[in-house]
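# Working through the structure, step by step
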Amino acid sequence: MTALAIDGAAQAGAVLADVRARAARMARRPGLAVILVGDDPASHVYVRSKLKRAAEVGFESRTARFSLEVSEADILAHVAAFNAAPEVDGILVQLPLPDHINTLRVMAAIDPDKDVDGLHALNAGKVAQGGAGGLTPCTPLGCLMLIKSVAPDLTGMNAVVLGSSNIVGKPMAALLLAERATVTVAHIHTRDTPFLCCGADVLVTAVGKPRLVRADWIKPGAIVIDVGINRVATPEGGSRLVGDVDFDAVREVASAITPVPGGVGPMTIACLMLNTLTAAQARQVG
Ligand SMILES: NC(=O)C1=CN([C@@H]2O[C@H](COP(=O)(O)OP(=O)(O)OC[C@H]3O[C@@H](n4cnc5c(N)ncnc54)[C@H](OP(=O)(O)O)[C@@H]3O)[C@@H](O)[C@H]2O)C=CC1
Ligand SMILES: Nc1nc(=O)c2c([nH]1)NC[C@@H]1CN(c3ccc(C(=O)N[C@@H](CCC(=O)O)C(=O)O)cc3)C=[N+]21
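Residues numbered from 1 in each chain as written. Chains lettered and ligands numbered in written order. Predicted model: local features only at pLDDT ≥ 70, side-chain atom pairs only at ≥ 80, totals over all residues.

## As for the site of ligand 2
Around ligand 2, 19 residues are found, and the nearest of them are Leu95, Asp117, Pro261, Gly265 and Thr268. At the level of secondary structure, the elements contributing two or more residues to the shell around ligand 2 comprise α2 (41–56), β4 (90–93), α6 (138–150) and α10 (264–283). The element that contributes the greatest number of residues to the shell around ligand 2 is α10, accounting for 4 residues. Classifying every residue of the shell around ligand 2 gives 12 nonpolar, 6 polar and 1 charged. (Near = placed C-beta within 6 Å. Helix = DSSP H or I, 4+ residues; strand = E, 2+ residues; numbered from the N terminus. Nonpolar A, V, L, I, M, F, W, Y, C, P; charged D, E, K, R; others polar.)

## As for the UniProt feature "binding site: NADP(+)" (unreviewed entry) in the protein chain
Feature annotation in UniProt assigns "binding site: NADP(+)" (unreviewed entry) to the following positions: Gly163, Ser164, Ser165, Ile188 and Ile229. The residue Gly163 is located in the loop between β5 (158–162) and α7 (169–178) in this model. For Gly163, a count of 23 C-beta atoms within 10 Å gives the class buried. Along the polypeptide, Ser165 turns up in the loop between β5 and α7. In contact with Ser165, other than residues within four places in its own chain, are Lys170 and Ala206. (UniProt positions renumbered as here; feature names shortened; annotations may be inferred. Buried ≥ 20, exposed ≤ 12 C-beta atoms within 10 Å, placed from the backbone. Contact = placed C-beta atoms within 7 Å.)

## Here's the deal with the site of ligand 1
Taken together, the neighbourhood of ligand 1 is formed by 26 residues, with Gly163, Ser165, Ile188, Gly208 and Thr268 sitting nearest. Broken down by element, the residue count for the shell around ligand 1 peaks at 3 residues, all from α10. Here the residues of the shell around ligand 1 sort into 11 nonpolar, 14 polar and 1 charged.

## Some points on the UniProt feature "domain: Tetrahydrofolate dehydrogenase/cyclohydrolase NAD(P)-binding" (unreviewed entry) in the protein chain
Within this numbering scheme, the UniProt entry marks residues 137–283 as carrying the feature "domain: Tetrahydrofolate dehydrogenase/cyclohydrolase NAD(P)-binding" (unreviewed entry). Between the end C-alpha atoms of residues 137–283 the distance is 19 Å, and the span holds 36% helix and 19% strand.

## Considerations on the domain arrangement of the protein chain
By domain assignment, the protein chain separates into domain 1 (28–112) and domain 2 (137–264). For domain 1 and domain 2, the distance between their C-alpha centres works out to 28 Å. (Domains from an automatic or database assignment.)

## Here's the deal with the sheet that holds strand β3 (residues 60–66)
Judged by pairing direction, the sheet is parallel, and its 3 strands sit side by side in the order β3-β2-β4 without closing on themselves. The open sheet has two free edges, formed respectively by β3 and β4, since each of these has just one partner strand. Across this sheet, the average inter-strand angle for adjacent strands is 15 degrees, counted without regard to direction. As paired strands, strand β2 (residues 31–37) and β3 are joined by 7 bridges and run parallel to one another. By the bridge assignment, Ile35 is partnered in β3 with Ala64. Across the sheet, α2 touches β2 and β3, and the angle it forms with β2 is around 170 degrees. (Pairing = 2+ DSSP bridges. Axes fitted to C-alpha atoms, helices over the stretch in contact; angles between N-to-C directions.)

## Looking at the sheet that holds strand β7 (residues 202–205)
Spatially, 6 strands are ordered β1-β11-β8-β7-β5-β6 in an open sheet, and the strand pairing comes out parallel. Among the strands making up the open sheet, the edge pair consists of β1 (4–5) and β6 (182–186). As paired elements, β7 and strand β8 (residues 223–226) share 4 bridges and run parallel to each other. Its bridge partner lying in β8, Thr205 is registered against Asp226. Its contacts with the sheet place α6 against β1, β7, β8 and β11 (256–257), and it is angled at close to 155 degrees to β8.

## Notes on the packing of α6 against α7
Axis separation between α6 and α7 bottoms out at 8 Å; the angle between their running directions is 40 degrees. Judged by the angle between their axes, α6 and α7 are oblique. The two elements α6 and α7 cross, and the hand of that crossing is right-handed. Mapping the contact onto sequence places Pro140, Cys143 and Leu144 in α6 and Pro171, Met172 and Leu175 in α7. Here the residues of the contact of α6 with α7 sort into 6 nonpolar, no polar and no charged. (Parallel < 35°, antiparallel > 145°, perpendicular 65-115°, else oblique. Left-handed = near helix turned anticlockwise from the far one by under 90°.)

## Describing the nonpolar core
By size, the foremost hydrophobic cluster in this structure holds 85 residues, and its most contacted members are Val202, Val204, Val224 and Ala254. The element best represented in this core is α10, accounting for 11 residues. Split by domain, the residues of this core number at least three in each of domain 1 (28–112) and domain 2 (137–264). If we ignore the near neighbours within four places in the chain, the residues touching Val202 are Ile147, Leu154, Met157, Ala159, Ala181, Ala222 and Ile223. (Core = buried A, V, L, I, M, F, W, Y, C linked by C-beta atoms within 7 Å.)

## Overview of unusual backbone geometry
Look at the link from Leu95 to Pro96: it is a cis peptide, with omega at 0 degrees. For Pro96, the position within the fold is in the loop between β4 and α4 (103–109). Here the amide bond leading from Val260 into Pro261 is cis, since omega sits at -5 degrees, within 30 degrees of zero. Within the secondary structure layout, Pro261 lies in the loop between β11 and α10. Of note in the backbone geometry, Arg180 takes a positive phi value of approximately 70 degrees without being a glycine. Following the sequence through the fold, Arg180 ends up in the loop between α7 and β6. With 12 C-beta atoms packed within 10 Å, Arg180 lands in the exposed category. A positive phi angle is found at Arg211, which is not glycine, with a value near 55 degrees. Looking at the secondary structure, you find Arg211 in the loop between β7 and β8. By C-beta crowding, Arg211 is classed as partly exposed, having 16 other C-beta atoms within 10 Å.

If you want it as structure tokens, here you go:
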């Protein structure tokens, strides 16, 4: 059996159309502010595509760009200015930040009501407690939508999450638990990751290692969600994007799988727009 390739771009398109329609009915256009540090080309590409999507759904956006040498105080001052700006509904600090900047301190400085990445401890705590009333990190939220498009009820399923970062792995595990799945989180120190994966009805991989996940790790019929984004060299001397999953082989064992590109990535951006709309609606009266 060849697995269904879950079309993340199409599902993202549906989310974006809904966001656009709802934004058009608002008294004021939702506003997104992005803070970008350094000149990593991949980060610039991601931020550009976020700003493009924001414009397409009718949001205002602005970007504050900084060199790698920027001080933490400077970043915190810009966060404070965006917190105070009435036209800014969502604040996104593109990660990773350079080592001399304390990421958790920057996240803690963001107004939780404008924290569209869901990384402030208050929002992370709400997600851990079952999600009510907070902003949920975009990538796990998008992954859950993709999973539910093929399996609406996760009650009692075994879910395994590879990777335990604050931005993907931990909130993903919390969301799956809230869906009544039995959740295992594996990380670099986990002893027998292939064995754990073999019991997974749902497997989410957020590691950043190309072809880490092999076909013999997969339970027949499993749903496989590949968050990894890795640029690898091609024999022709160019490069291409791949996920963490050995896609062609795993596809023959799983029942549904997200491709890279065209899977989780577009949903992450769509969920960022959804969170910005949610934040704007909560902040605007009428
Ligand atoms: N498609 C999208 O929208 C997005 C994609 N990404 C991509 O997802 C990947 C992960 O991102 P992010 O969570 O930020 O990355 P991090 O580097 O913060 O986290 C990677 C995690 O993987 C764990 N890990 C490392 N090796 C293994 C292994 N062999 N088996 C199991 N776990 C392992 C690490 O464990 P430990 O903590 O113990 O070191 C860590 O928890 C990257 O490729 C990133 O580019 C990220 C965000 C959005
Ligand atoms: N504060 C913060 N929030 C983030 O959400 C965040 C971040 N920092 N830092 C970096 C990661 C990475 N990330 C991606 C988003 C979209 C695609 C995406 O759209 N990818 C396309 C391909 C893009 C291409 O071709 O280069 C796809 O998978 O189809 C990828 C990666 C968000 N991140």
